[in-house]
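Residues per chain are reported as follows:
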Amino acid sequence: MSERSPILQAVELSKGYGEGESFVGVLRGISLEISRGEMVAVIGPSGVGKSTLLHLLGLLDRPDSGRIEIDGRHVENFRPSERAALRNRVLGFVFQHHYLLDELDARENVALPLRISGRKAGPAESRATELLEQVGLRERAHHFPDQLSGGEQQRVAVARALAMHPKLLLADEPTGNLDRESSEQVFELICRLHREEGLSSIIVTHNREIAERCDRIISLSRIPGVGEGEI
Ligand SMILES: Nc1ncnc2c1ncn2[C@@H]1O[C@H](COP(=O)(O)OP(=O)(O)O)[C@@H](O)[C@H]1O
Ligand SMILES: [Mg+2]
């Protein structure tokens, strides 16, 4: 796979929910390309399909039609195990709802992807501790999700998404629940990983200030026929 290929290319993606008369088209033929190292914001009103798009790009759901190429590989005909392997090796995902595991403390949640991929407990825990420190939560390592505020949970989820050194971060409103200071801390961390590790990212956000600091903004529109545009 060529290092010069875009990290992600999506062509004519369509996705809707429901069947027959209750079918609702959400994405209608959206195409986008993300260069290696690029940081792209996705904006648009609630319900327009931002999370749907991110789930397709993160291989968590399949489009009704269209193609996706990630890190130089066409994923349409991948088996579930190949999709999971690519997700684990290339992608980091921050969900809109954080999905931390309640029975694991913050450090264990962050270390989980590393443990699943076969890393030993010691190295996995040190990497998790380092990431928690980077999101300002070193003191919270042994707290369980229900002992953390919404913003703290969100930062743990960001740390978890970064645990495997992903090439492409897909973040669904990663600063949505955060106050200004935590939001800045999380965004700065992502920016630093762009500079230092060549990370690429797609960040869904309602925060205009953050969107404007990205390399590019993709704006999803609900108006039929107008489709998505670039600002
Ligand atoms: N699993 C689902 N089943 C049915 N409808 C869904 C599902 N997921 C999302 N939708 C609908 O698709 C539209 C887009 O949702 P979503 O992608 O979550 O938008 P956004 O993230 O931009 O707020 C909404 O109308 C939502 O109700
Ligand atoms: Mg959403």
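Keep in mind it's a predicted model, so treat the numbers as computed, not measured. (Residues numbered from 1 in each chain as written. Chains lettered and ligands numbered in written order. Predicted model: local features only at pLDDT ≥ 70, side-chain atom pairs only at ≥ 80, totals over all residues. Heavy atoms only, no water.)

Peer 1: Before we go on, may I ask you to explain the overall build of the protein in this structure?
Peer 2: Of regular secondary structure, the protein possesses 7 helices and 10 strands. In summary, the protein has a C-alpha radius of gyration of 17 Å against a globular reference of 17 Å for 231 residues, a match within 12%. Overall, the C-alpha framework of the protein stretches about 50 × 35 × 35 Å when taken along its three principal axes. Sequence-distant contacts, at least 24 apart, represent 70% of the contacts inside the protein between residues at least 6 apart. (Helix = DSSP H or I, 4+ residues; strand = E, 2+ residues; numbered from the N terminus. Rg over C-alpha atoms; globule rule 2.2 N^0.38 Å. Contact = heavy atoms within 4.5 Å.)

Peer 1: What should I look at first to understand the site of ligand 1 in this one?
Peer 2: Neighbouring residues of ligand 1: Tyr17, Val26, Pro45, Ser46, Gly47, Val48, Gly49, Lys50, Ser51 and Thr52. Between an oxygen atom of ligand 1 and a main-chain N or O atom of Gly49, the distance comes to 3.0 Å. Isolated, ligand 1 exposes 560 Å² of accessible area, and the fraction of that covered by the protein chains is 54%. Here the residues of the shell around ligand 1 sort into 4 nonpolar, 5 polar and 1 charged. (Near = heavy atom within 4 Å. Polar contact = N/O pair within 3.5 Å; in protein donor to acceptor, adjacent residues only side chain to side chain. Areas by Shrake-Rupley, 256 points an atom, 1.4 Å probe, with all protein chains shown as cover. Nonpolar A, V, L, I, M, F, W, Y, C, P; charged D, E, K, R; others polar.)

Peer 1: How should I be thinking about the sheet that holds strand E4 (residues 65–70) in this particular structure?
Peer 2: Across a sheet, paired strands are connected by hydrogen bonds in the backbone, their directions being either parallel or antiparallel. Across the sheet, 4 strands lie side by side as E2-E1-E4-E5; this open sheet has antiparallel pairing. Either end of the sheet is taken by a strand with one partner, and the two such strands are strand E2 (24–34) and strand E5 (73–74). When strand E1 (residues 8–17) meets E2, the two strands line up antiparallel, connected through 8 bridges. Within E2, the position partnered with Gln9 by the bridge is Glu33. Against the sheet, helix H1 (residues 50–57) contacts E1, E2 and E4, and its axis sits at roughly 125 degrees relative to E1. (Pairing = 2+ DSSP bridges. Axes fitted to C-alpha atoms, helices over the stretch in contact; angles between N-to-C directions.)

Peer 1: Would you take a moment to explain the pattern of salt bridges for this structure?
Peer 2: In a structure, side chains of opposite charge can pair up when their charged atoms sit close to one another. Evaluation of the coordinates by the stated rule reveals 14 salt bridges. Here Glu130 makes a salt bridge to Arg127, at a shortest N to O gap of 2.9 Å. Of the two residues, Glu130 and Arg127 are both situated in helix H4 (residues 121–134); the distance of 3 residues between them amounts to about one turn of the helix. We note a salt bridge from Glu188 to Arg213, for which the minimum N-O separation is 3.8 Å. Here Arg213 lies in helix H7 (residues 208–213) and Glu188 lies in helix H6 (residues 180–197), a separation of 25 residues in the sequence. Through salt bridges with shared partners, a single ionic network connects Arg36, Asp71, Arg89 and Lys167. (Salt bridge = Lys/Arg side-chain N within 4 Å of Asp/Glu carboxyl O.)

Peer 1: Would you mind going over the packing of helix H3 (residues 106–116) against helix H5 (residues 150–162) with me for this structure?
Peer 2: Two quantities define a packed helix pair, namely the angle between the helix axes and the distance between the axes. For the pair H3 and H5, interaxial distance at closest approach is 7 Å and the crossing angle is 30 degrees. The pairing of H3 with H5 is recorded here as roughly parallel in orientation. The hand of the H3/H5 crossing is right-handed. Contact with H3, carried on its side by Ala106, Asn109, Val110 and Pro113, involves Val156, Ala159 and Arg160 of H5 and no other residues of that element. Along the lines of polarity and charge, the residues of the contact of H3 with H5 split into 5 nonpolar, 1 polar and 1 charged. (Parallel < 35°, antiparallel > 145°, perpendicular 65-115°, else oblique. Left-handed = near helix turned anticlockwise from the far one by under 90°.)

Peer 1: Help me out: how do you make sense of the packing of aromatic side chains in this one?
Peer 2: Summed over the entire model, instances satisfying the criterion amount to 2 aromatic pairs. Aromatic ring contacts, followed pair by pair, group Phe93, Phe95 and Tyr99 into a single cluster. (Phe/Tyr/Trp six-rings, centres within 6.5 Å; stacked < 30°, edge-to-face > 60°.)

Peer 1: What is the right way to look at the environment of Gly25 in this model?
Peer 2: With respect to the element layout, Gly25 can be found in strand E2. Given a relative accessible area of 25%, Gly25 falls into the partly exposed group. When near neighbours in sequence (up to four residues on either side) are disregarded, Gly25 contacts Lys15 and Gly16. (Buried < 20%, exposed > 50% of the residue type's maximum accessible area, 1.4 Å probe, protein only.)

Peer 1: Explain the environment of Leu53 here, please?
Peer 2: When you line up the elements, Leu53 lands in helix H1. It is 20 Å that separates the C-alpha atoms of Leu53 and Gln154, two residues lying 101 residues apart in sequence.

Peer 1: Whenever I open this one, the nonpolar core confuses me. Can you help?
Peer 2: What tends to happen in soluble globular proteins is that the nonpolar side chains get buried as a cluster. Grouped together as the largest cluster of nonpolar side chains are 40 residues, with contacts concentrated most on Val110, Val156, Leu162 and Leu169. Not counting residues within four places of it along the chain, the set of residues in contact with Val156 comprises Leu100, Ala106, Asn109, Val110, Leu132, Leu137 and Leu148. Core analysis: the next-biggest nonpolar cluster, separate from the first, contains 32 residues, Leu8, Leu27, Ile30 and Phe93 among them. (Core = buried A, V, L, I, M, F, W, Y, C linked by side-chain atoms within 4.5 Å.)

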